[in-house]
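Fold and geometry: a report
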Amino acid sequence: MEKWHLMTIVVLIGLTVRWTVSLNSYSGAGKPPMFGDYEAQRHWQEITFNLPVKQWYFNSSDNNLQYWGLDYPPLTAYHSLLCAYVAEFINPDWIALHTSHGYESQAHKLFMRTTVLIADLLIYIPAVVLYSCCLKEISTKKKIANVLCILLYPGLILIDYGHFQYNSVSLGFALWGVLGVSCDWDLLGSLAFCLAINYKQMELYHSLPFFCFLLGKCFKKGLKGKGFVLLIKLACTVVASFILCWLPFCTETEQTLQVLRRLFPVDRGLFEDKVANIWCSFSIFLKIKDIWPHHFQIIISFCFTFLSLLPACIKLTLQPSSKGFRFTLVSCALSFFLFSFQVHEKSILLVSFMLPLLLKDGLLMPLVVTTMAFFIACATSFSIFEKTSEEELQLKSFSLSVRKYLPYFTFLSRIIQYLFLVSVITMVLLTLMTVTLDPPQKLPDLFSVLVCFVSCLHFLFFLVYFNIIIMWDSKGGRNQKKIN
Amino acid sequence: MAALRLTMGGGNWFSALALGVTLLKCLLIPTYHSTDFEVHRNWLAITHSLPVSQWYYEATSEWTLDYPPFFAWFEYALSHVAKYFDQEMLNVRNLNYSSTRTLLFQRFSVILTDALFVYAVHECCKCIDGKKAGKELTEKPKFILSVLLLWNFGLLIVDHIHFQYNGFLFGLMLLSIARLFQKRHMEGAFLFAVLLHFKHIYLYVAPAYGTYLLRSYCFTANKPDGSVRWNSFSFVRLLSLGLIVFLVSALSLGPFLAMNQLPQVLSRLFPFKRGLCHAYWAPNFWALYNTLDKVLSVLGLELKLLDSNKIPKASMTSGLVQQFQHTVLPSVTPLATLICTLIAILPSVFCLWFKPQGPRGFLRCLILCALSSFLFGWHVHEKAILLAVLPMSLLSVGKAGDASIFLILTTTGHYSLFPLLFTAPELPIKILLMLLFTIYSISSLKTLFRFTSPASVCYFFCLYWILSFKTSRLYVCCEGP
């Protein structure tokens, strides 16, 4: 592309913001005995380096699962092992068995932050750049603006470089998957997505759209000919990649089961702590966690999740398109987040919601700065305040259908503008209140619950919005334009 | 909604740039800061806790007040805000006090005073004509100039990491240049006079100002061939300029003159006991001179031409600031450096007098004065290169020739600032920001002028780098006997 230097500059800006955020504190800094996610990752390096593979997921005297036991799939474990080899080369004290619990030093922090940056640089950032370059029908300038906005997204930066996690690896792999599948490199795309799932099981949120899209493609090619061949090839790719990742754990069923038990802790309840999903918000009014029995909770969450994502998935299978695929990814992820079982706040990576978590880590300044930067970048690149007509909100066909029954429904875009304003004001107010005021004594969790509730409302709105776009987006609409 | 649309709408790229760099500066708050942080905290304490008569005598801390009185008053004003952040930082005896609130206050004071710099850049953009402009925003000279100034790498790392207050000072200088471009000479003179009393390093460029104002403002007309028309001399204008300078100086030095403290103030402002070179050598002529001296002394010892007992033991790069002598070549005195500097600036000043080319000519003379003083001055800091780089940005978007010189100057100048940040966590930041600025400056100027020879840039870069920077490093490696 001709403006490679602008793209380089945008990537450099993204990297600079990431590294400067990483200069701040991490989760659980200086807070014994459990510390936080930073210590968890360091501990996993210690475990994977010092213990044989068979013992990684089992409780033993050397591996106390209560103290940050491994609860991500094997690819995370292999990544930790790789980092551990480097750590051993620099300073073996960092990963010495037992004695390195709670190890904290400037040099170690530098090492850990560097591992995140390198993983990001190798996997996530190239995916973003390539994804933007492969988008069709938009100018080079818009592509570069896209990359800037994606790279400045505060949620990912703050969790990965502030709180400390490796989300960029799994998200990067998932993005490679989306890229591959959208550009018709189905096998590579599905391989990349399998790697993503094997890195963090959270990516299963995105698995249904992948499945439906690829199935739709097979149907389109005809199940009697090329479609069937494609289906077989995809199945083989998926199975092969899973076997490759789980090889050391496939030998005994007990191993496999134990890993699965660690990945999906169904023994825990419907939700933990304050999470912006339906169950937590509902429990403000009705304490469902105490009323409903355990297996009923599992069944009901499964049903709601399934029902909420069914329409979009069926549409995607019957009419596979790249655009529909992308929207379905969002709506399915939202459905899973809102309705499923034992969801963690970090699963949504949406910054407004992670406020209490970030405040605990002392990351208020980076939060404010990166959110403002993201907002400014989006506003200036995409003139979001100007493009608010119905067509630009992709709601034209929907409002046309509604107007058949309600002829006065012409003010949809106005409603959306006002909703946006209200939402921004509410979020800013809530942030200010959470930071400056102390909650009343009778309701100590008032602010976190309010944040959850407001966020949940937002997510519900978006779920409905995206589903509307998916369902009302049809090729018929495009043909009409041509005729007129 | 409409109001929001107006503020964020497409045309306001300048605000977006300014806001963006301000947010970056906020992200730089937790980075490493040098002893200059303690210097300014100490000055806050001195000006807040002690009466004016003690300001230039206070010596509890080694970082005594060595800027002119206006800066001291500036610190005094800041200290009144500081007391709401952390009262303890205003205690003179609290040496090296750096609580979180102190850090926040100091960093934010730099970020907020940069507002003057942003305003000055805005005024400078008005002085650039966009006739060569392409239709795209990113190709307009105003846009490029704004980025080159607002996002200047040197200013970012010196002010917001290393810690200094150069932002608003350079703002004053750029504003005075802009006023001279806009033919508001009195304002320009006033701003420069004020600037001098904030930081006297700007004396380096005073000859340019003096000559230009005398030649192009006091003489109101030229002869057709461009030379001086003596009978157009305006005594009124000269008098008004003199009055401005006198009033500003009176305001600044007056109180100290009244207290008979002027010699003490001057001795603090011009500490010639500090030695020819700073602890970390600025890549100037004397660095090469010292290197040559060292090389010759090593050679002399090897060839038994020199007696090792007669060589002074003090080394020049041990990080200490002190006076010492050269071994082979003659020792350099402050007077010698002054004479060298004056000889170096003479050609440009003569040009400004005999062939004035309006404000552009003045700007060239200013840059040359800054560069000459950097090369030949006494106890020059490497940060002084910014004095030449920032005004050069104004010329760089005008002509292609200036742009290529600017690229060489700015790349090598910024690279020479690297040793200022020597800690491991700041290493990625300085590399990333340097790459950012260098890639942007080269690509945007190249697009503006359609360059075809990047080779010359590379050549000069390598030459300069090897000569001035690498030699000082090699010298450190093969330390003397």
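None of the values given here were measured: they were computed from a predicted structure.

Of regular secondary structure, chain B possesses 19 helices and zero strands. When burial is assessed residue by residue, chain B has 52% of its 481 residues classed as buried. Residue pairs at least 24 apart in sequence account for 76% of intrachain contacts in chain B once pairs closer than 6 positions are excluded. Counting only carbon and sulfur atoms, one obtains 68% of the accessible surface of chain B, whose full area is about 21400 Å².

Taken together, the side chains of Leu292, Val295, Leu296, Leu299, Leu303, Leu305 and Val328 of chain B present a nonpolar region at the surface, about 630 Å² in accessible area. Summarising the element assignment, Val328 of chain B is placed in the loop between helix H13 (285-302) and helix H14 (334-354).

With that settled, the discussion passes to the pattern of salt bridges. By the definition in use, this model includes 14 salt bridges over all chains. Between Arg42 of chain A and Glu46 of chain A there is a salt bridge, with its nearest N and O atoms 2.9 Å apart. Of this pair, Arg42 of chain A and Glu46 of chain A both sit in helix H2 (residues 37-50), four residues apart, roughly one helical turn. The exposure class of Arg42 of chain A is buried, given its relative accessible area of 0%. The salt bridge partner of Glu123 of chain B is Lys126 of chain B, with a shortest N-O separation of 3.1 Å. Here Glu123 of chain B and its partner Lys126 of chain B are both found in helix H5 (residues 100-126), three residues apart, which amounts to about one turn of the helix.

Attention shifts here to the environment of Ile439 of chain B. Along the chain, Ile439 of chain B turns up in helix H18 (residues 426-449). Each residue touching Ile439 of chain B, except ones within four places of it in the same chain, is listed here: His5, Thr8, Ile9 and Leu12 of chain A.

All right, on to the packing of aromatic side chains then. With the rule as written, the count across this model stands at 55 aromatic pairs over all chains. Note on Phe164 of chain A and Tyr166 of chain A: the rings are 5.7 Å apart at their centroids and 85° apart in plane angle, and the pair reads as edge-to-face. When sorted by exposure, Phe164 of chain A lands in the same class as Tyr166 of chain A, which is buried. Judged by centre distance (4.5 Å) and plane angle (10°), the ring pair of Phe213 of chain A and Phe325 of chain A falls under stacked. Linking Phe213 of chain A in helix H9 (residues 207-221) with Phe325 of chain A in helix H15 (residues 322-339), this pair joins segments that are 112 residues apart in sequence. An identical accessibility class is assigned to Phe213 of chain A and Phe325 of chain A; each is buried. Of the aromatic side chains, those joined through ring pairs into one cluster are Phe37, Trp43, Tyr67, Phe70, Phe71, Phe74, Phe163, Tyr165, Phe168 and Phe198 of chain B.

Residues and elements named next belong to chain A. With respect to the element layout, Asn198 can be found in helix H8 (residues 186-199). Residue class for Asn198 comes out buried when judged on its relative accessible area of 1%. A polar contact of 2.8 Å, which involves the side chain of Asn198, links it to the side chain of Trp246. Dropping the residues within four chain positions of it, Asn198 is found in contact with Pro73, Pro74, Leu75, Thr76, Ser241, Phe242, Cys245 and Trp246.

What follows concerns the interface of chain B and chain A. With 31 residues of chain B at the contact, the number on the chain A side is 29 residues. Both sides together, the interface formed by chain B and chain A hides about 2900 Å², and carbon and sulfur atoms give 82% of it. Linking chain B to chain A there are zero salt bridges. Our count for the contact surface shared by chain B and chain A stands at two residue pairs in polar contact (both at pLDDT 80 or more). Looking at the side of chain B that touches chain A, the elements with two or more residues in it are helix H1 (2-8), helix H2 (13-27), H5 and H18 of chain B. If you tally residues by element for the side of chain B that touches chain A, the top one is H18 of chain B, at ten residues.

Turning to helix H10 (residues 206-218) of chain B, its buried residues are Ala206, Ala208, Tyr209, Thr211, Tyr212, Leu213, Arg215, Tyr217 and Cys218 of chain B. On its buried face, H10 of chain B sits against helix H8 (166-181), helix H9 (185-196), helix H11 (235-258), H14 and helix H15 (358-376) of chain B.

Here we come to the packing of helix H1 (residues 4-22) of chain A against helix H6 (residues 154-164) of chain A. All names here are of chain A. Running from N to C, H1 and H6 cross one another at 40°; their axes reach a closest spacing of 8 Å. By the angle between their directions, the pair H1 and H6 is classed as oblique. Every pair of crossing elements has a handedness; the one defined by H1 and H6 is right-handed. Across from Val17, Arg18, Val21 and Ser22 in H1, the residues of H6 making contact are Leu156, Ile157, Leu158, Tyr161 and Gly162. Looking at the contact of H1 with H6 residue by residue, the class counts come to six nonpolar, two polar and one charged.

Once that is clear, we can look at the confidence of the model for chain A. With 87% of its residues at a pLDDT of 70 or more, chain A has an overall mean of 81. Contacts from residues 475-484 of chain A, a stretch scored under 50 in pLDDT, to residues over four places away or in other chains number three contacts.

All names here are of chain A. Looking at the secondary structure, you find Ser331 in helix H15. On the accessibility criterion, Ser331 (1% relative accessible area) is buried. Those residues within four positions of Ser331 in sequence are excluded, and the remaining contacts are Ala312, Leu463, Phe466, Asn467 and Ile470.

Reading the values: rules and limits
Residues numbered from 1 in each chain as written. Chains lettered and ligands numbered in written order. Predicted model: local features only at pLDDT ≥ 70, side-chain atom pairs only at ≥ 80, totals over all residues. Heavy atoms only, no water. Helix = DSSP H or I, 4+ residues; strand = E, 2+ residues; numbered from the N terminus. Buried < 20%, exposed > 50% of the residue type's maximum accessible area, 1.4 Å probe, protein only. Contact = heavy atoms within 4.5 Å. Areas by Shrake-Rupley, 256 points an atom, 1.4 Å probe, with all protein chains shown as cover. Patch = residues over 30% accessible without salt bridge, like charges linked within 9 Å, V, L, I, M, F, W, Y side chains within 5 Å. Salt bridge = Lys/Arg side-chain N within 4 Å of Asp/Glu carboxyl O. Phe/Tyr/Trp six-rings, centres within 6.5 Å; stacked < 30°, edge-to-face > 60°. Polar contact = N/O pair within 3.5 Å; in protein donor to acceptor, adjacent residues only side chain to side chain. Buried area = accessible area lost by both parts, 1.4 Å probe. Axes fitted to C-alpha atoms, helices over the stretch in contact; angles between N-to-C directions. Parallel < 35°, antiparallel > 145°, perpendicular 65-115°, else oblique. Left-handed = near helix turned anticlockwise from the far one by under 90°. Nonpolar A, V, L, I, M, F, W, Y, C, P; charged D, E, K, R; others polar. pLDDT = per-residue confidence, 0-100.

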